[in-house]
Amino acid sequence: RRYEGPVRVERTSVVRAGVPVADTVLQRDTSATYLFVDDVVAQATMDTRITEGADRERVRTGFTNGVPSVSIVIDPKFLFDKDIGIYVNALREWERLALVEQIDPVNGPANEWSAPVGLSIRGGSSRNADHAKHSFHLAFRRDYGLNKLKFPLFGDEGASSFKKLDLRTSQNYA
């Protein structure tokens, strides 16, 4: 469907767009993620002792104003489908195309990036079904559109070019 006017976003959403590449059968995909704190803390997986407890306002202010977030945009079937989903089949060495972006509410666009990646599950024993949460591995490959992420993720104190990144989960109260 073609949009010619503004897209109204009133709740946590991902907006995806594909732009055809002239004279080819290819298209360039892009996405933008919009997070609304009330939607995030209302998720069934959130621990209400934290989101609704004594530190409720501090948690909400910190979430919206203090921490960069990473958004992974992927068709849910490639995560959760019993036959092809990498999250529910975490022991398999599968990789799926995804779009990843960093959102920074403090520093804004100067500290934000977006890139196509190969997404897979990382880890050893944490890949087991006994663990409800799994870590992700991001692979930047020319096949997906970007050979390397060139961005100073750690400011002046670290590398500024990456062929791969790992997003590690914590299993306790995460």
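Residues numbered from 1 in each chain as written. Predicted model: local features only at pLDDT ≥ 70, side-chain atom pairs only at ≥ 80, totals over all residues. Heavy atoms only, no water.

## A closer look at the pairing of strand S5 (residues 113-122)
Move 1: Taking burial as the measure, the 10 residues of S5 include eight buried ones, the bulk of the element.
Move 2: In the sheet, strand S4 (residues 96-103) pairs with S5 via seven bridges, with the strands oriented antiparallel. Residue pairing for S5: alanine 98 is matched across the bridge by valine 117.
Move 3: In terms of strand pairing, S5 meets strand S6 (residues 135-139) through five bridges, oriented antiparallel. The residue bridging glycine 118 from the neighbouring strand is alanine 139, located in S6. (Buried < 20%, exposed > 50% of the residue type's maximum accessible area, 1.4 Å probe, protein only. Helix = DSSP H or I, 4+ residues; strand = E, 2+ residues; numbered from the N terminus. Pairing = 2+ DSSP bridges.)

## Considerations on the pattern of salt bridges
Should their charged atoms come close, side chains of opposite charge can pair.
Move 1: Inspection of the entire model under this criterion finds five salt bridges.
Move 2: Here arginine 127 ties to glutamate 93 by a salt bridge, and the two come within 3.7 Å at their closest N and O atoms. Of this pair, arginine 127 sits in the loop between S5 and S6 while glutamate 93 is found in the loop between helix H4 (77-80) and S4, placing the two residues 34 residues apart along the sequence.
Move 3: On the accessibility criterion, arginine 127 (8% relative accessible area) is buried. (Salt bridge = Lys/Arg side-chain N within 4 Å of Asp/Glu carboxyl O.)

## Some points on the sheet that holds S5
Move 1: Reading across the sheet, the five strands line up as S3-S4-S5-S6-S9 and stay open at both edges, with antiparallel pairing between neighbours. One side of each edge strand has no neighbouring strand; the edge strands of this open sheet are strand S3 (69-73) and strand S9 (164-167). In this sheet, neighbouring strand axes are inclined to one another by 35° on average, regardless of whether the strands run parallel or antiparallel.
Move 2: Bridge count between S3 and S4: five bridges; the pairing is antiparallel. Among the inter-strand pairings, isoleucine 72 is bridged to a residue of S4, identified as valine 100. (Axes fitted to C-alpha atoms, helices over the stretch in contact; angles between N-to-C directions.)

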